[in-house]
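Spelled out from the first residue to the last, the chains are:
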Amino acid sequence: MNGRSNLTPALLAAPSLVVYAGALLLPLGGVLLLSLHGFDFEKGILPGWGLENYRDLLTDSLFAESLLRTLRIALWTTAICLLVGVPEAWIIYRMAPRWRGAMLLIVVGPLLVSVVVRNFGWMVLLGTTGLMNQVLTILGVPGAPFRLMFTELAVVIGLVHVMVPLVVLSVWASLGRLDPVLERAAFSLGASRLTVFRRVVLPNVMPGIMAGALMVFCLSASAFATPAMLGGKRLKVVSSMTYNEFLNTLNWPLGAALATLLMVAILTATLIWTRFVETRAMRRLGEVAEGGKGGSRA
Amino acid sequence: MSRNGPLALAFHALFLTFILAPLLVVIGVSFTGEGYLALPLNGLSLRWWRAIGDNPRFLESFWFSLRLGVTAATLSALIAVPAALAIARWRFPGRGALVAILASPLMIPHVVLGVALLRFFSGFGLSGSFASLVTAHVIVITPYMLRLVGAGLSGLDPRIERAAESLGASRLTVFRRVTLPLIAPGVAGGWILAFVTSFDELTVSLFLASPSANPLPVQLFNYIDQMTDPLVASVSAALILGTALVLLVLDRFYPIDRLLTGERRA
């Protein structure tokens, strides 16, 4: 069926492209245009054009504060997800096949439960009289009970719970492509378990880790539900600020400018990260080639 | 197969506790007889499970979300299957761009998508309608659909299709009798994942929902914003148990890692 008619693929792709153009590109363009309008609480959206909304935001200390908070939360979440999710995927991978399926189901299954429900679970756990504080008090931890709800810690905990299955899944997928012979060869040459993980497994699953890291960072930086439910009204992040401007303050142009900045920030992070990963991969390839020429490095 | 050491198993146990704790705690607290979120329980009661039946708004939202998910997933399949075919079977200029555009909703923050669609639909007086929510959900779920249908297609040997053609089958017949049955598991997996994603979607829906078009996650979110009584727990517990049931049945014929990544189990 290859290339017999140039029209067929165009016809096949047409329905999806029409839907995307109408319901995605057009609305996104609309947001960009909306962000260039002024706003008045009595007259509504003003007809003139300008960059005032962006100027206002970039000089607003409240915005700077929530932008920093957004980045801080996203970075912590990403780091913890990697530290916990990568070993977990490796542990499940090494289990007996009949356990693997069940464990994967438990770890990844919560992805199919609504974020609202999962956050509510953390609200119950992290409240001042919640289970977590009860356990800490019984254990005699000094200072307990703590104020856990409506803190950045609560938001990070909630986000890690939402995101860590994605890292496990992403690493799991690249472990599936790992040749088990490599591992056995390393063991037979006397490598310890840790060495095998560090020198054989880790480099091979690096693409999965990198992809997972990017996904978690972008999703945490743009998350709305978890910061809103576990962070409360005072701990604003960029997405909850946007929500507020649109549905409470009703200053749509300012909200549109916020949305545009959020999207630009996320796209920039993606581009930088992809570029970084690519150069890293190229350097690794170079190293491997050199190692091959130079023989043993020891 | 190498085994995990005791340290690895301890780590694994802690990890499972972390993952399951918020879900189990919700199920536990839903059986309280008190008027507040009491833990540990002093006695089991079905008071708040019965309360679900007395609160029509949660039931209405449940049926609404069901209808929304089924409609959006089906429409998404209708546009994604042809697109996946074009991407898998043809090499044409702009193919890379097509792939990137169709996957792009994954990179766009849902708040931005919500804002954009609210502005767009309110321009036609359509915000808060079933149609606006369906359109929004189709955009959100189509990348997942494409991934699974695409994975199904890439596992399909094109020679089978060519064999059918060489035996005189028309293109439509080849698609209907050969390609479609072979990619059916991929399409079914994509449909299920798309449906679940739509059923759980909160952020985009928040912007478009109205009292007459109120999906369950939005209803629950707004309710929790006002108060947290054990009714939230029983509704949430029902959702958790329902999802678990679907998962267990599904896992019999469609492993979850394949459902979520499109790849075969290692």
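Keep in mind the model is a prediction, meaning the values are calculated, not measured. (Residues numbered from 1 in each chain as written. Chains lettered and ligands numbered in written order. Predicted model: local features only at pLDDT ≥ 70, side-chain atom pairs only at ≥ 80, totals over all residues.)

Describing the overall build of chain B
The line we're drawing: What counts as a helix is a DSSP run of H or I of at least four residues, what counts as a strand is a run of E of at least two, and both are numbered from the N terminus. Counting other C-beta atoms within 10 Å of a residue's own tells you its class, since 20 or more makes it buried, 12 or fewer makes it exposed, and anything in between is partly exposed; those C-beta atoms are placed from the backbone. Throughout, a residue-residue contact means that the two C-beta atoms, derived from backbone geometry, are no farther apart than 7 Å.
Each helix and strand counted, chain B has 12 helices and zero strands in total. Helices and strands appear in chain B in the N-to-C order α-α-α-α-α-α-α-α-α-α-α-α. Across its three principal axes, chain B shows a C-alpha extent of roughly 70 × 60 × 30 Å. Counting every position in chain B, which comprises 266 residues, the buried fraction comes to 44%. Summarising the internal contacts of chain B: among those between residues at least 6 apart in sequence, 75% fall at separations of at least 24.

Thoughts on the overall build of chain A
Just so we agree on the cut-off: Throughout, radius of gyration means the C-alpha value; the globule benchmark is 2.2 Å times the number of residues raised to the power 0.38.
The helix and strand inventory of chain A stands at 12 helices and two strands. Along the chain direction, N to C, the helices and strands of chain A fall in the order α-β-β-α-α-α-α-α-α-α-α-α-α-α. The C-alpha atoms of chain A give a radius of gyration of 24 Å, which is well past the 19 Å a tight globule of 298 residues would have. For chain A, the spread of C-alpha atoms along the three principal axes comes to 75 × 75 × 40 Å. Buried residues in chain A amount to 42% of all 298 residues. Contacts in chain A between residues at least 24 apart in sequence constitute 70% of all its contacts with a sequence separation of at least 6.

Brief notes about the environment of leucine 148 of chain B
Residue and element names in this part refer to chain B. On the secondary structure map, leucine 148 appears in helix α6 (residues 130-154). Given 28 C-beta atoms within 10 Å, leucine 148 falls into the buried group. A sequence separation of 102 residues divides leucine 148 from leucine 46, and the C-alpha atoms of the two residues are 40 Å apart.

Remarks on the packing of helix α7 (residues 158-166) of chain B against helix α8 (residues 171-200) of chain B
All names here are of chain B. What counts here: Helix axes use the C-alpha atoms of the stretch in contact, all axes being lines fitted to C-alpha atoms, and the angles between their N-to-C directions lie in the range 0 to 180 degrees. Should an angle lie under 35 degrees it is considered roughly parallel, over 145 roughly antiparallel, and from 65 to 115 roughly perpendicular; all remaining angles are considered oblique. By definition, any crossing whose near helix is turned counterclockwise from its far helix by less than a right angle is left-handed, and any crossing with a clockwise turn is right-handed. Lys, Arg, Asp and Glu make up the charged group, whereas Ala, Val, Leu, Ile, Met, Phe, Trp, Tyr, Cys and Pro make up the nonpolar group; the residues left over, Gly among them, are polar.
The geometry of α7 relative to α8 is characterised by a closest axis approach of 10 Å and an angle of 140 degrees between their N-to-C directions. Comparing the axis directions of α7 and α8 gives the class oblique. Seen along the crossing, α7 lies across α8 with a hand that is right-handed. In this structure, α7 uses Ile160, Glu161, Ala164 and Glu165 to contact α8, whose residues at the interface are Val174, Val178 and Thr179. Of the residues contributing to the contact of α7 with α8, the split by class is four nonpolar, one polar and two charged.

Some details on helix α5 (residues 110-123) of chain B
Residues three or four positions apart in an α-helix share a direction because the helix packs 3.6 residues into each turn. Keep this limit in mind: What a helix is expected to span follows from its residue count: subtract one and scale by 1.5 Å.
In this model α5 of chain B runs 20 Å from its N-terminal to its C-terminal C-alpha over 14 residues, within 8% of the 20 Å that 1.5 Å per residue would give. Phi for glycine 125 of chain B, located one or two positions after α5 of chain B, is positive at around 70 degrees.

Looking at the interface of chain A and chain B
Facing the 73 residues of chain A at the interface are 74 residues of chain B. Elements represented by at least two residues in the side of chain A that touches chain B include exactly α1 (7-34), α3 (61-93), α4 (97-108), α5 (115-126), α7 (152-176), α10 (225-231), α11 (238-249) and α12 (252-294) of chain A. Counting residues per element, the side of chain A that touches chain B draws most heavily on α1 of chain A, at 16 residues. Looking at the side of chain A that touches chain B residue by residue, the class counts come to 53 nonpolar, 17 polar and three charged.

Brief notes about the nonpolar core
To be explicit about the condition: Among buried residues, those of type Ala, Val, Leu, Ile, Met, Phe, Trp, Tyr and Cys that are joined through C-beta atoms within 7 Å form a set called a nonpolar core.
Val26, Val112, Val115 and Leu117 of chain B are the most contacted members of the largest nonpolar core, which has 158 residues in total. If we ignore the near neighbours within four places in the chain, the residues touching valine 112 of chain B are Val31, Ala259, Leu262 and Met263 of chain A.

Comments concerning unusual backbone geometry
Residues and elements named next belong to chain A. Even without a glycine there, the phi angle at phenylalanine 150 is positive, about 60 degrees. One non-glycine residue with positive phi stands out, namely leucine 250, at about 65 degrees. With respect to the helices and strands, leucine 250 occurs in the loop between α11 and α12. On the basis of neighbour count, leucine 250 is assigned to the partly exposed category, with 13 C-beta atoms found within 10 Å.

Examining α5 of chain A
Residue and element names in this part refer to chain A. Counted at 1.5 Å a residue, the expected span for α5 with its 12 residues is 16 Å, and the 16 Å between its end C-alpha atoms agrees. Most of α5 is tucked away, with 12 of its 12 residues classed as buried. Inspection of α5 places Val115, Val116, Val117, Arg118, Asn119, Phe120, Gly121, Trp122, Met123, Val124, Leu125 and Leu126 among the buried residues, and these make up the whole buried set.

Quick notes on the pairing of strand β1 (residues 37-40) of chain A
Convention followed: Note: two strands are recorded as paired if DSSP finds a minimum of 2 bridges between them.
Of the two faces of β1 of chain A, the one lined by His37 and Phe39 of chain A is fully buried and the one lined by Gly38 and Asp40 of chain A carries no buried residue. In this antiparallel pair of consecutive strands, β1 of chain A and strand β2 (residues 44-49) of chain A, the connection spans three residues.

Details of the confidence of the model for chain A
Our working definition: The score called pLDDT rates the predictor's confidence residue by residue, from a low of 0 to a high of 100.
The predicted model of chain A has a mean per-residue pLDDT of 88, with 94% of residues at 70 or higher. The model gives residues 292-298 of chain A a pLDDT under 50, and that stretch makes one contact with residues more than four places away or in other chains.

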